[in-house]
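What follows is the residue order along each chain.
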Amino acid sequence: MTMAERATSTRPGGRTATPAAALVAVGLDPDRGRDRLVELGLWSGDGPTAEGHELLEVISEAASPPDALHVLAELGRNQPHVYDRVRADRAWLHRLVAVAGASRPLGDLLARHADAVESLREPQPVHAAGIAEQVKVAIASTDGDDRAAAVAGIRRRTTAAIAARDLTGELDVEQVGWELARLADGVLAGATAALHDELGGERPTARLCVIGMGKLGGEELNYVSDVDVVFVHAPRRADASNQDARAAREEAQQVFTALLRLLNASTTMGRAYEIDPTLRPEGREGALSRTVPSFVAYWERWAKTWEFQAMLKARPVAGDLALGQELLDAAEPFVYPENLDPSTVSQVRDMKGRVEAKDEVVRHGQRHLKLAPGGLRDIEFAVQLLQLVHARGDPTIRQRGTVRALAALGDRGYIAVDDAETFSSAYRRLRTVEHRLQLAEERRTHTVPDDPDRQECLARSLGYRPTADRRARAAFLEELRSLQGNVRDLHAKLFYRPLLEMHAAVPASDAALVEQRTGVLSEDAALRRLEALGFRDARGVLRDVRALTAGVSRRATTLRMALPAMLHALAESPDPDGGVRGLRTLVEAHGDDAALVAALRDQPPVADLLARLLGTSEVAGELLLTVPQGVEWLTNADARAQPRLREDLVRTALGMLRWQEDLAGRQAALRRFKRREQARIVIRDLAGDASVTAVGAELAALGDACLEAGLQAVLDAVRDAEGTGDGDPASIAVIGLGKLGGRELHYPSDLDVMVVHGPTPDDGDAGGDERRASVFAVEVAERLLPALSSATAEGTAFDVDAELRPEGRSGPLSRSLASCRAYYERWAEPWERQALLKARRVAGDMELGRSFVALAQQHAYPQVFGTAEATAVRRMKARIERERIPRRVDPKRHLKLGAGGLTDVEWTVQLLQQQHGAHEPMLRTPSTMAGVDALQDVGILDATEATWLRDGYRFLATVRNRLYLLRQRDVDVLPTAVLVLEKLARSLGYGRNARQVLEDDYLRHTRHIRRVTERRFYGRT
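Keep in mind that this is a model prediction, so the values were computed, not measured. (Residues numbered from 1 in each chain as written. Predicted model: local features only at pLDDT ≥ 70, side-chain atom pairs only at ≥ 80, totals over all residues. Heavy atoms only, no water.)

**Some remarks on the pairing of strand E3 (residues 206-212)**
So, point 1. With respect to burial, E3 is a largely interior element, 7 of its 7 residues being buried.
So, point 2. Residues Ala206, Leu208, Val210 and Gly212 point to one face of E3 and Arg207, Cys209 and Ile211 to the other, with burial holding for every one of them. (Buried < 20%, exposed > 50% of the residue type's maximum accessible area, 1.4 Å probe, protein only. Helix = DSSP H or I, 4+ residues; strand = E, 2+ residues; numbered from the N terminus.)

**Quick look at the layout of surface pockets**
So, point 1. In this structure, the largest pocket spans a volume of roughly 1,300 Å³.
So, point 2. Every residue lining the largest pocket is counted, 40 residues in all, and those nearest its centre are Asp752, Leu804, Ile880, Arg884 and Lys896.
So, point 3. Secondary structure elements with two or more residues in the lining of the largest pocket: helix H39 (738-741), helix H42 (830-835), helix H44 (867-884), helix H45 (902-916) and helix H47 (943-965).
So, point 4. No other element matches H44, which puts 7 residues into the lining of the largest pocket.
So, point 5. Classifying every residue of the lining of the largest pocket by side-chain character gives 11 nonpolar, 9 polar and 20 charged. (1 Å grid on protein atoms, 1.4 Å probe; cavity = no way out; pocket = protein on both sides within 12 Å on 5 of 7 lines; lining within 4 Å. Points joined across faces, edges and corners; volume = space filled by probe spheres on them. Nonpolar A, V, L, I, M, F, W, Y, C, P; charged D, E, K, R; others polar.)

**Things to note about the environment of leucine 645**
So, point 1. With respect to the secondary-structure elements, leucine 645 resides in the loop between helix H35 (637-641) and helix H36 (646-657).
So, point 2. Look at leucine 645 and you get exposed, because its relative accessible area is 60%.

**Some points on the environment of arginine 1007**
So, point 1. Mapped onto the elements of the fold, arginine 1007 is located in helix H49 (residues 995-1016).
So, point 2. When the C-alpha positions of arginine 1007 and glycine 655 are compared, they lie 48 Å apart, and in sequence the two are 352 residues distant.

**As for the pattern of salt bridges**
So, point 1. All chains considered together, the criterion is met by 85 salt bridges.
So, point 2. In this structure, arginine 237 engages aspartate 239 in a salt bridge whose closest nitrogen and oxygen atoms are separated by 3.3 Å.
So, point 3. By relative accessible area, aspartate 239 is classed as exposed at 56%.
So, point 4. Put simply, arginine 644 and aspartate 648 hold a salt bridge, and the shortest N to O gap is 3.0 Å.
So, point 5. Through salt bridges with shared partners, one network takes in Arg644, Asp648, Arg651, Arg676, Glu677, Arg680, Arg684 and Glu698. (Salt bridge = Lys/Arg side-chain N within 4 Å of Asp/Glu carboxyl O.)

**Structural notes on the nonpolar core**
So, point 1. Counting residues in hydrophobic clusters, the biggest one holds 97 residues, and the most contacted among them are Phe535, Leu583, Leu600, Leu610, Leu707 and Leu788.
So, point 2. Here this core gets 14 residues from one element, more than from any other, and that element is helix H38 (residues 692-722).
So, point 3. Not counting chain neighbours up to four residues away, the residues in contact with phenylalanine 535 comprise Leu530, Val541, Leu567, Leu570, Ala571, Pro576, Asp577 and Val580. (Core = buried A, V, L, I, M, F, W, Y, C linked by side-chain atoms within 4.5 Å. Contact = heavy atoms within 4.5 Å.)

**Points about helix H21 (residues 402-411)**
So, point 1. Across the 10 residues that make up H21, a large majority, 7, are buried.
So, point 2. For H21, the full list of buried residues reads Thr402, Val403, Ala405, Leu406, Ala408, Leu409 and Gly410.
So, point 3. Tucked inside the fold, the buried residues of H21 contact helix H12 (173-200), helix H20 (376-390) and helix H22 (417-441).
So, point 4. Of the residues one or two after H21, glycine 413 is the one with positive phi, at around 85°.

**Section: empty space enclosed by the protein**
So, point 1. Tallying each qualifying case throughout the model produces 5 cavities of 30 Å³ or more.
So, point 2. Considering only enclosed or pocket space, the second largest cavity measures out at about 80 Å³ in volume.
So, point 3. Looking at the second largest cavity, the residues that line it are Met213, Val230, Leu279, Arg280, Pro281, Phe295, Trp299, Glu307, Ala310 and Met311.
So, point 4. Put simply, the parts of the chain that give the lining of the second largest cavity at least two residues each are helix H15 (292-301) and helix H16 (305-310).

**Concerning the environment of threonine 422**
So, point 1. Relative to the helices and strands, threonine 422 is located in helix H22.
So, point 2. Once the C-alpha coordinates of threonine 422 and leucine 406 are considered, the two residues, 16 residues apart in sequence, prove to be 9.8 Å apart.
So, point 3. A distance of 2.9 Å separates a polar atom in the side chain of threonine 422 from the backbone oxygen of aspartate 418. (Polar contact = N/O pair within 3.5 Å; in protein donor to acceptor, adjacent residues only side chain to side chain.)

**Notes on the pairing of strand E10 (residues 730-737)**
So, point 1. For E10, the tally of buried residues reaches 8 of 8 residues, placing the bulk of the element in the interior.
So, point 2. Burial along E10 is two-sided: the residues Ala730, Ile732, Val734 and Gly736 and Ser731, Ala733, Ile735 and Leu737 are all buried.
So, point 3. In the sheet, E10 pairs with strand E11 (residues 751-759) via 8 bridges, with the strands oriented antiparallel. Note on E11: the bridge partner recorded for leucine 737 is aspartate 752.
So, point 4. Pairing analysis gives 4 bridges linking E10 to strand E14 (residues 840-844), with the strands arranged antiparallel. In the strand pairing of E14, glycine 736 is matched with arginine 840. (Pairing = 2+ DSSP bridges.)

**Some words on the packing of aromatic side chains**
So, point 1. Using the criterion set out here, one finds 9 aromatic pairs in the structure.
So, point 2. Their ring planes at 45° and their centres at 5.5 Å tell us that phenylalanine 295 and tryptophan 299 sit as a pair that is tilted. One end of the pair is phenylalanine 295 and the other is tryptophan 299, both in helix H15 and 4 residues apart, which spans about a single turn. Across the pair, tryptophan 299 and phenylalanine 295 agree in class, each one buried.
So, point 3. An angle of 15° between the planes, with centres 5.7 Å apart, marks the rings of tyrosine 747 and tyrosine 964 as stacked. With a gap of 217 residues between them, tyrosine 747 in the loop between H39 and E11 and tyrosine 964 in helix H47 connect regions that are remote in the sequence.
So, point 4. With relative accessibility at 6%, the residue tyrosine 747 sits in the buried group.
So, point 5. Here the aromatic cluster, defined as three or more aromatic residues joined through ring pairs, consists of Phe295, Trp299, Phe308 and Phe334.
So, point 6. Just above the ring of tyrosine 336 sits the side chain of arginine 398; from NZ or CZ to the centre is 4.0 Å.
So, point 7. Seen from the ring of tyrosine 1018, arginine 1020 lies directly overhead, with NZ or CZ sitting 4.5 Å from the centre. (Phe/Tyr/Trp six-rings, centres within 6.5 Å; stacked < 30°, edge-to-face > 60°. Lys NZ or Arg CZ within 6 Å of the ring centre and 35° of its normal.)

**Quick word on the confidence of the model for the chain**
So, point 1. Considering every residue of the chain, the mean pLDDT works out to 88; 93% of them sit at 70 or more.
So, point 2. Here helix H1 (residues 3-9) stands out as the least confident element of the chain, with mean pLDDT 39; strand E9 (residues 315-319) is the most confident, with 98.
So, point 3. Per-residue pLDDT stays below 50 along residues 1-16; that stretch engages in 28 contacts with residues further than four places along the chain or on separate chains. (pLDDT = per-residue confidence, 0-100.)

Put into structure tokens, the structure is as follows:
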């Protein structure tokens, strides 16, 4: 039973439906539908005949069943013999109904012209040469208006045949565009040849070519569209005289004017095409046709960016195709220049903005398929901008068609494959909607109608069908909104990606450095270019680049797109060669994980930051290799923007230990934790997100967390070994000293600590409890230090130094609070009291730590600090400088102990704190920089002195950190080797060839520090 028969079989409740209901179910007006079927002899007294039911089944699939039936009725009335043949061939009938139901103008053509109906019987693929011959015959056999009508008839009959195959699913949207372009090629070729023969005489003087532009050039023509063309001519003789050139120009003008008149003419068969030649130089004001040299002269002096953008789709379509290719060859260096002005990107964006501001777009809003946000132009402009930037160095993406270009961009890694597929799918769908719109009235339009009935017809032509609860147009409009939203979002991502400006600034020859195709750039040329960029081992770099980009994997194709700009960023880094090596190692370590290389392609700040990291610090590269979160910190600025608080770090470290079963596992977990967090700090540092002061505080917080977690791990191990559970015989606190205590760690800094304990007596002999507490605490301390310091397969956590404890190496690793009090009251040396200035509880028992810090401040800030005490401090500083500066090192270049070095700042501040701290509570801070601020606030240092100490200390600390990140053996000495000093200068932001500027700044800062030290530490004026 057919659909129409089912519709007429029953009503709800089992009663037979009326014939009128059958027609309504198909989508016909009962009265008009019956009249048409009567005309066709398909209606009996009780309703449709069996043949009538079959016809209704076919018509029910049409976009507009009434229009389809009307055309059949007209055909049956005017050409019954043709109608009978169509009815006998079901495939032919389906094609005719599909076209008649989707396009009223083409339906009218079919109703009136048997040859148009005949073209639908067995439509064949369009061949431009065959169309050209038909056009030439038509022109030769007619004249006047009949000639234009004959050509228009050929175009419209063939269009109807293409539409028939389109609407019945024989062609996809790309094939439709291709065949419509072939049709236009044939019409232009036949008309140009015929008119040239007619007007050029037996001995024509000119070579002529029609260049297809826009959708014609891209072979993605619409059913109804402007056909954009440019005309080019040349004298037929190679040695043409000026007279020959003039004759050729006049002949070209005459032929092309006649061509425009013929094809643009309105006739009884409509218009062949609306040919638009305004993309030519100077537009409507310019010559209709030019020679190739004339085009070049214009391009050299006057052409705008949009004119080169238009040439992306240029294709010779008619006439002397070799001449057309000469024009395209001449255009290539203009369209794809070696050096692209970065402003080109903004110019294309501005032009698109002007197009979108047109009244037509504002008036129709999202109904405008072409220009509304999320429309066809979003896709086309994004693709063309990507081509303008990247195709200079990669001819494989010089594709004229939008879908083909998207496929090439995805295959070559310039955009993600998923993005290319999303854009291609959306483009096909939007073009299909556009085709159906234009077929409806055979009119150039890009706007979805606002009339509900016309929307319903459009939706049906696209395959949507009504359901019991909603019309077909509802599903169509819902999908269209979703589609436009996806296109809008992806367009914003690709069209406005900052990477385009970066790549636009890369010369095409540099882009060719990463190409794997032979002949793009010779090896010698590539080596010379790398050397010019600043790479020292150009051959090694080229080897690494080729290893990164070899093959057809997604990773390789993506890197071929991302590397040219990244090579420029690496070339500006302190160690370009090391940066490339580090990049190769990192990428290979990530294997098939696409996150890293996709970030390099899509996020310029990531590529720039990674180049800075790898080209500055071998340490940073090694950390990124072993830290899975590294890529996230590179790509997510928010994730690294804020420092992690000490409490958060402690909580994370302790959480990692809970999953480990033994001390060895906990130590390994602690080292992984330290490495991960150090990587985050290094990235923040080199990204410019953290000052040297912030780096010091973050490293100190990390040190605290490692000590806190390490202490907990050791306590657990000792308890397990002794079976004591949680009933510890002593409370333990770890006290930070030195830079750890002051929260001013450098990357290479040790953790200076003391361990103190307090008894937790129950009942019994107090002395026995104290001894037991001491034994327990010393065992914990003895395990804690190597737990952090010893090297394992996971590296080390921190080097921990306990030599600042009472009695130094000779003293026990842990003392009770009472023992510490007795020691400092009776035996402490001046330097030991000075060390207490930095005392800060960093791990363990909170109350015990606070008690020790209170004790420390009593001895660090004595009520009386006289000349003898100051002299002792000065002597100790001199002794340290004398003993610890190696003989081979120039003292003036020692960052820590040299004149004007870090210790000058630290000891000056500490001496002033000891002299005045008992009476100035503001001075009681373990931080050197906070101490400088406080000394200025209370008036002990003047503003200039405080500024010199602050600036100098931060400068020297930054230099020391950079030397560590550069993996220099001696981080305490300013290098003398030219290459190392140059690398250091560039890592500090001085730029190329600025090592002398770095030297000058170093001398200035140390001179300023020394002047303050001489006055405030040594008391010299």
